[in-house]
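# Observations on chain architecture
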Amino acid sequence: MWEVLRFCTHYGLHFLFPGLVAFIFFRKQWKKAWLLLVLTMLVDLDHFLAADFFEANRCSIDFHPLHSYYAIAMYLVLFFVPKTRIVALGLLLHMATDYQDCMWM
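The text that follows walks through the structure, step by step, so that each part is easy to find. Given the structure is predicted, the values throughout are model-derived calculations rather than measurements. (Residues numbered from 1 in each chain as written. Predicted model: local features only at pLDDT ≥ 70, side-chain atom pairs only at ≥ 80, totals over all residues. Heavy atoms only, no water.)

## Some points on the overall build of the protein
Within the protein one finds 4 helices and 0 strands. Order of helices (α) and strands (β) in the protein, N terminus to C terminus: α-α-α-α. A compact globule built from 105 residues should have a C-alpha radius of gyration of about 13 Å, and the protein, at 14 Å, falls within 12% of that. Its C-alpha atoms give the protein principal-axis dimensions of about 40 × 30 × 20 Å. (Helix = DSSP H or I, 4+ residues; strand = E, 2+ residues; numbered from the N terminus. Rg over C-alpha atoms; globule rule 2.2 N^0.38 Å.)

As structure tokens, then:
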């Protein structure tokens, strides 16, 4: 039961929540904004650097290089640069989603 709720919450926040954020804050170009926010899922490619690509009960925050606190700090800095704001927002939303996933453990 909890695993299903955890799965739905995790992937809902990864795909549906960015759509809501895009629609609210980037209404004129919400489809493009949503696509950019979802494309930040590519940050999960750093999982290939782990010995075990997927571990259901592993917190990815500060385990994978692009999920490290240093990387998150860089995403926060990039959020304040207008040209990189939407990508940085997507990365920060991704990290927040992965962090909340760690709370289930």
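Once you've had a look at it, read on.
## Comments concerning the state of the cysteines
Formally, a disulfide is one covalent bond, and it connects the sulfur atom of one cysteine to the sulfur atom of another. One pass over the full model with this rule turns up 1 disulfide. Here Cys59 is linked by a disulfide to Cys102, with a sulfur-sulfur distance of 1.8 Å. One quick way to see it: the torsion about the S-S bond of Cys59 and Cys102 is about 85°, and its sign makes the bridge right-handed. A residue pair is termed long-range when its members are at least 10 positions apart, and Cys59 in the loop between helix H2 (30-39) and helix H3 (69-79) and Cys102 in helix H4 (residues 85-102) qualify at 43 residues. Assessed through its relative accessible area of 25%, Cys59 is described here as partly exposed. The class for Cys102 is buried, based on a relative accessible area of 12%. (Disulfide = S-S within 2.5 Å. Buried < 20%, exposed > 50% of the residue type's maximum accessible area, 1.4 Å probe, protein only.)

## A few points about the packing of helix H1 (residues 2-25) against H4
At a minimum axis separation of 10 Å, H1 and H4 run at an interaxial angle of 160°. Relative to H4, the element H1 is oriented roughly antiparallel. Between H1 and H4 lies a crossing whose hand is right-handed. Every residue of H4 that contacts H1 at Arg6, Thr9, His10, Leu13, His14, Phe17 and Val21 is listed here: Leu89, Leu93, His94, Thr97, Asp98, Gln100 and Asp101. Here the contact of H1 with H4 is composed, by residue class, of 5 nonpolar, 6 polar and 3 charged. (Axes fitted to C-alpha atoms, helices over the stretch in contact; angles between N-to-C directions. Parallel < 35°, antiparallel > 145°, perpendicular 65-115°, else oblique. Left-handed = near helix turned anticlockwise from the far one by under 90°. Contact = heavy atoms within 4.5 Å. Nonpolar A, V, L, I, M, F, W, Y, C, P; charged D, E, K, R; others polar.)

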